[in-house]
Amino acid sequence: MRKWLWLLPVFLSGALLLNLAGTAWANGGPHGGYTPTTDACAGCHRAHTAQGPNLLTATSTYELCMSCHGAAGTGADTNVADGKFVAARSPSTEGEANTADNGDLLGGGFVNYKTAAVTSIHNSDGTLMAAWGFGVARGQTANLPSSLTCASCHDPHGSPNYRILREQIAGNAVTVDQVDEGPANKDYDDEHWPDNVSNVCVACHGAYHVTRPNSAEDNSDNGSGNADYGGDISTYAHRVGMNYAYGGNADPEATGYGGYFLPLTASKNVACQTCHLPHGTSASMSTLATAPFTNDSALLRLDNRGVCEVCHQK
Amino acid sequence: MTPTPWTDDTPHPLVPEETTPPPVADAAEPEGLPPAEAGLAPLPSQAEVKSEDEARQRRRLWAVLLALLLALCGVGFLFSRYVRRPEPLPEMLPVPVEVNYPPHFLFAFYDVNGPLGIALSPSEDRLYVTEGEGDRLVKIFDTEGNLLRAFAPPRTTAAERAPVYVAVDARGRVYVTDRLQHAIFVYDAEGNYLDTILGPDLTLSEYIAKHTGFKPRPGTFAYDWFEEEVHYQDPQGRRRTLPRPDRPTWAPLGVAFDAQGRLLVTDVALGAHRVLVFSPQVAAQDDWSDFQPEVWSFGEFGEAEDQLQFPNMVVVDALGRFVVSDGNNGRLSVWDAQGVWQMLVGTGGGGGGLNLPRGLALDARQRLHVVDAVGQVVRVYDFSEAQPEFLFAFGTAGTLSGQFHYPNDIAIASDGRLYITDRANDRVQVWSY
């Protein structure tokens with residue numbers, strides 16, 4: 001068995017090359033679209049000192065990603081530390097570019113968001129293992145197969161999914177369709193979401209996936225933790241996948257409430273990301289937060305219960 | 001009379017000539033007693049010959065031992081001095097020959113958070129280091145790593161600034177690129193804010209001067225990209241504001257000065273990655289309230305051999321060529337003095353193959369040091385000839401002394417010391433030749 005282990009990297013690289021040849025875009029990113037002639041792997045792997053199938057440079061995937069996507073922006077325009085798109089537009093490409101300079105990234109930030117320090121994040125430095133509702137009831141946690149890094153959600157080698165989200169997350173298949181994002185190909189500060197954008201969250205927080213009104217049923221992996229949905233919204237497992245216009249709700253994208261807006265999917269449906277940011281938020285939860293988040297903003301887009309008001313306008 | 005040449009059987013003492021040449025008197029002796037004439041002199045007795053030989057040998061032995069002892073003391077002295085104050089070897093023992101050996105690790109200092117850029121002052125007694133994390137300051141250290149001061153762009157919070165690379169002009173003024181502010185901030189040697197280069201042809205003081213008709217004094221004006229207004233004080237000291245200038249269409253990343261005093265900037269504005277070359281005028285000006293330097297550029301965005309993707313740094317070698325660390329293309333891109341593309345260096349495998357090249361520095365012998373962030377090494381190339389050659393690499397991946405965790409930039413002092421920002425290890429490493 002061991003004898004054949006050396007074949008693994010060869011096989012994997014081959015599979016990668018075959019798989020990802022179609023997912024290229026001309027933005028300077030090293031994620032996919034590999035051709036046999038360019039050495040795109042070298043930007044992340046040290047081929048020369050490879051010792052095994054995991055040719056990764058260092059212990060920390062987070063630091064690898066941040067060496068391009070960090071605040072310094074030394075290798076990417078998406079600065080996920082501050083949640084900013086930092087490409088000043090050049091005259092030659094003005095008009096084509098549809099992400100505003102210093103526009104706020106859709107994912108939020110890991111250090112700051114909207115120039116304020118974050119109050120909750122999906123900490124991706126490899127220290128977190130337990131996720132809410134991963135095969136257990138809402139409000140409970142269970143360990144993921146491996147600790148949380150950037151590569152838990154994204155496939156650095158490219159993927160047919162939106163924003164190179166993995167096709168397999170925590171053992172669950174994930175599909176998040178690519179969508180037309182406008183003339184410049186990528187729009188990092190305006191949502192152009194497919195209707196299945198919640199799927200990425202569901203892979204780890206299955207118990208929070210509630211798609212039917214006033215029912216115990218959902219589409220989570222084992223259906224274990226959701227019996228309380230009927231009348232109990234105390235864990236805020238808000239239903240998703242339905243149109244926003246319930247009981248005359250105002251359009252949270254267009255009308256908003258008090259100058260606040262929330263994004264919806266292509267068909268104007270509610271998704272997990274309507275209320276939550278996947279990377280991190282700087283919203284404050286000073287006055288309202290239920291246990292276990294007494295002072296934690298739970299990745300919410302708006303302060304306190306602001307997210308509720310924008311639709312229900314109560 | 002010509003002295004008879006020595007023959008193989010001439011009795012002569014076994015003195016290692018390289019270490020201690022025999023005393024002059026002794027050396028002359030065999031000449032005074034050539035074997036041919038030996039018969040004419042009165043023959044000394046066997047015992048006398050023996051004791052004389054022995055005495056001579058003993059004397060020589062002593063001489064050798066003494067010399068060895070002296071040498072040992074010398075080495076011991078150098079060693080102890082080195083231990084007390086680690087100093088580059090070339091400084092202590094100037095080596096005339098050009099040998100290429102990798103440098104060695106001396107020490108590291110840790111008063112920095114995710115350090116990115118590094119530059120030396122002209123007198124080489126100060127280091128300027130930019131931070132990518134925490135408070136995101138620019139810090140001044142002495143060359144032993146003692147923190148002297150820290151500074152940041154006026155009116156900004158940590159979340160509003162992202163200092164990246166830093167360069168110092170011949171007068172000691174400090175230029176820091178900022179990726180969130182899309183500007184180059186200029187400070188005096190102590191870190192007092194002087195001005196902001198807002199674009200290739202606009203500074204903040206010029207903008208204010210144009211709109212108000214007077215030249216603002218350093219320290220009385222400021223602009224933060226995230227604010228709608230420029231703040232300044234009028235000549236009477238009253239606080240005033242102006243609408244912000246048009247948002248710049250550049251994204252300065254790398255910054256450096258060449259030997260002629262030209263300001264070199266890498267620009268990574270979306271879709272137009274290039275190198276800007278400013279005339280030496282910028283560094284020659286006392287202030288920049290009139291900022292019309294000649295600027296030309298080369299390079300465009302892409303992965304073809306004469307294109308660039310996230311060029312991080314640029315230096316000019318002794319042959320006048322521009323050498324660009326073409327980050328995301330994983331190579332060095334070499335351009336002639338006119339900005340015509342010449343060749344690529346560091347592509348492909350082997351020790352010289354680059355992963356993610358970032359900071360660059362040339363030493364006096366035209367050895368180009370390239371910090372490879374993902375390779376976790378510094379790769380060194382000989383740029384003294386038309387065809388550059390890979391020499392060696394140093395450093396390994398890790399967190400111990402002499403190991404790197406996403407290093408980013410390098411500065412080289414003329415005494416052979418190297419200062420390397422070791423970003424994810426939150427420290428600056430000091431190496432020496």
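Just so it is clear, the model here is predicted, and its values are computed rather than measured.

*Asks:* Let's hear about the pairing of strand β28 (residues 407–412) of chain B: which residues, and what values?
*Replies:* All names here are of chain B. Buried residues dominate β28, accounting for 6 of its 6 residues. Two elements, β28 and strand β29 (residues 417–422), share 5 bridges in a ladder whose sense is antiparallel. Its bridge partner lying in β29, isoleucine 412 is registered against leucine 418. Linking two consecutive strands that pair antiparallel, namely β28 and β29, is a turn of 4 residues; a positive phi of about 90° is found at glycine 416 within it.

*Asks:* Would you mind going over the pattern of salt bridges in detail, with residue names and values included?
*Replies:* Enumeration over the complete set of coordinates arrives at 28 salt bridges over all chains. Here arginine 379 of chain B ties to aspartate 372 of chain B by a salt bridge, and the two come within 3.1 Å at their closest N and O atoms. The class for arginine 379 of chain B is buried, based on a relative accessible area of 5%. You can call aspartate 372 of chain B buried: its relative accessible area is 0%. Among the ionic pairs, aspartate 422 of chain B bridges to arginine 427 of chain B, the shortest N-O distance being 2.7 Å. Overlapping salt bridges, with partners in common, bring together Glu63 of chain A together with Glu133 and Arg423 of chain B in one network.

*Asks:* Describe the side chain of aspartate 77 of chain A, and please don't skip the residues or the numbers.
*Replies:* Structurally, aspartate 77 of chain A can be placed in the loop between α2 (61–69) and β1 (78–79). Note on aspartate 77 of chain A: relative accessible area 9%, which makes it buried. At a separation of 3.0 Å, a polar atom in the side chain of aspartate 77 of chain A contacts the side chain of arginine 179 of chain B.

*Asks:* With reference to specific residues and values, describe the sheet that holds strand β1 (residues 104–109) of chain B.
*Replies:* Residue and element names in this part refer to chain B. The 4 strands are arranged β1-β30-β29-β28 in an open sheet whose pairing can be described as antiparallel. Single-partner strands in this sheet number two, and they are β1 and β28. Strand-to-strand twist in this sheet, taken as the mean axis angle between neighbours without regard to direction, amounts to 25°. In this sheet, strand β30 (residues 427–432) lies alongside β29 in antiparallel orientation, the contact comprising 6 bridges. Directly across from leucine 418, in β30, lies its bridge partner tryptophan 431.

*Asks:* Give me the interface of chain B and chain A: which residues, what numbers.
*Replies:* Taken together, the contact pairs 46 residues of chain B with 47 residues of chain A. For the pairing of chain B and chain A, the buried interface totals around 3,400 Å² over both sides, and the portion due to carbon and sulfur atoms is 54%. The largest share of the area that chain B buries against chain A comes from Arg179, Leu270 and Tyr406 of chain B, three residues that together contribute 18% of it. At the junction of chain B and chain A, the tally comes to 3 salt bridges. One can count 16 residue pairs in polar contact (both at pLDDT 80 or more) joining chain B with chain A. Here the side of chain B that touches chain A is composed, by residue class, of 24 nonpolar, 15 polar and 7 charged.

*Asks:* Report on a nonpolar patch on the surface, specifying residues and quantitative values.
*Replies:* Residues and elements named next belong to chain B. On the surface, Leu61, Trp62, Leu65 and Leu68 cluster together into a nonpolar patch covering about 470 Å² of accessible area. Structurally, the position occupied by tryptophan 62 is in helix α3 (residues 46–84). Since its relative accessible area comes to 59%, tryptophan 62 is described here as exposed.

*Asks:* An account of the sheet that holds strand β18 (residues 311–316) of chain B is requested, with residue identities and associated values reported.
*Replies:* Residue and element names in this part refer to chain B. Spatially, β18-β19-β20-β21 is the arrangement adopted by the 4 strands of the open sheet, whose pairing is antiparallel. Since the sheet does not close on itself, it has two edges, and those belong to β18 and β21 (341–345), each with one partner. If you compare each strand with its neighbour and ignore which way they point, the axes differ by 20° on average. Of the strand pairs in this sheet, β18 and strand β19 (residues 322–326) are connected by 5 bridges, and their pairing is antiparallel. Note that in β19 the partner of valine 315 across the bridge is valine 323.

*Asks:* So, the environment of phenylalanine 151 of chain B: which residues are in play, and what are the values?
*Replies:* Structurally, phenylalanine 151 of chain B can be placed in strand β5 (residues 147–151). Those residues within four positions of phenylalanine 151 of chain B in sequence are excluded, and the remaining contacts are Tyr128, Leu137, Val138, Ile140, Val174, Tyr187 and Gly191 of chain B.

*Asks:* Quick one: what's the story with the packing of aromatic side chains, residue by residue and with numbers?
*Replies:* All names here are of chain B. Across all of its chains, the model carries 21 aromatic pairs over all chains by this definition. Their ring planes at 65° and their centres at 5.5 Å tell us that tyrosine 381 and phenylalanine 390 sit as a pair that is edge-to-face. Residue tyrosine 381 is classed as buried on the basis of its relative accessible area of 1%. With centroids separated by 5.9 Å and ring planes inclined at 20°, the aromatic side chains of phenylalanine 404 and tryptophan 431 adopt a geometry described as stacked. Note that phenylalanine 404 is positioned in strand β27 (residues 403–404) and tryptophan 431 in strand β30, a separation of 27 residues in sequence. Residue phenylalanine 404 shares its accessibility class with tryptophan 431, and that shared class is buried. In textbook terms, an aromatic cluster arises when at least three aromatic residues are bridged by ring pairs, as seen for Phe151, Phe185, Tyr187, Tyr193 and Phe221. Lying over the aromatic face of tryptophan 225, arginine 247 brings its terminal NZ or CZ to 3.6 Å of the ring centre. One residue, arginine 367, lies across the ring of tyrosine 433, its end atom 4.4 Å from the ring centre.

*Asks:* How would you sum up helix α5 (residues 204–212) of chain B? Please name residues and give values.
*Replies:* Each α-helix turn comprises 3.6 residues. Residues three or four places apart therefore point the same way. Residue and element names in this part refer to chain B. Along α5, the residues classified as buried are Leu204, Ser205, Glu206, Tyr207, Ile208 and Ala209. Contacts made by the buried residues of α5 are with β9 (193–199), β10 (202–203), β11 (221–222), β12 (229–233) and β13 (239–243). Positive backbone phi, at 85°, marks glycine 213, one or two positions downstream of α5.

*Asks:* For α2 of chain A, give the residues involved together with the corresponding values.
*Replies:* Taking burial as the measure, the 9 residues of α2 of chain A include 7 buried ones, the bulk of the element. Residues Thr61, Tyr62, Glu63, Leu64, Met66, Ser67 and Cys68 of chain A constitute the buried set of α2 of chain A. Looking at the buried residues of α2 of chain A, the elements they touch are α3 (150–153) of chain A together with β22 (357–362) of chain B.

*Asks:* Any details on unusual backbone geometry? Residues and values, ideally.
*Replies:* Phi is positive for lysine 114 of chain A, close to 55°, though the residue is something other than glycine. Mapping lysine 114 of chain A onto the fold places it in the loop between β4 (112–113) and β5 (116–117). Since its relative accessible area comes to 47%, lysine 114 of chain A is described here as partly exposed. One non-glycine residue, glutamine 366 of chain B, lies in positive phi territory at about 65°.

Scoring rules and cut-offs
Residues numbered from 1 in each chain as written. Chains lettered and ligands numbered in written order. Predicted model: local features only at pLDDT ≥ 70, side-chain atom pairs only at ≥ 80, totals over all residues. Heavy atoms only, no water. Buried < 20%, exposed > 50% of the residue type's maximum accessible area, 1.4 Å probe, protein only. Helix = DSSP H or I, 4+ residues; strand = E, 2+ residues; numbered from the N terminus. Pairing = 2+ DSSP bridges. Salt bridge = Lys/Arg side-chain N within 4 Å of Asp/Glu carboxyl O. Polar contact = N/O pair within 3.5 Å; in protein donor to acceptor, adjacent residues only side chain to side chain. Axes fitted to C-alpha atoms, helices over the stretch in contact; angles between N-to-C directions. Contact = heavy atoms within 4.5 Å. Buried area = accessible area lost by both parts, 1.4 Å probe. Nonpolar A, V, L, I, M, F, W, Y, C, P; charged D, E, K, R; others polar. Patch = residues over 30% accessible without salt bridge, like charges linked within 9 Å, V, L, I, M, F, W, Y side chains within 5 Å. Areas by Shrake-Rupley, 256 points an atom, 1.4 Å probe, with all protein chains shown as cover. Phe/Tyr/Trp six-rings, centres within 6.5 Å; stacked < 30°, edge-to-face > 60°. Lys NZ or Arg CZ within 6 Å of the ring centre and 35° of its normal.

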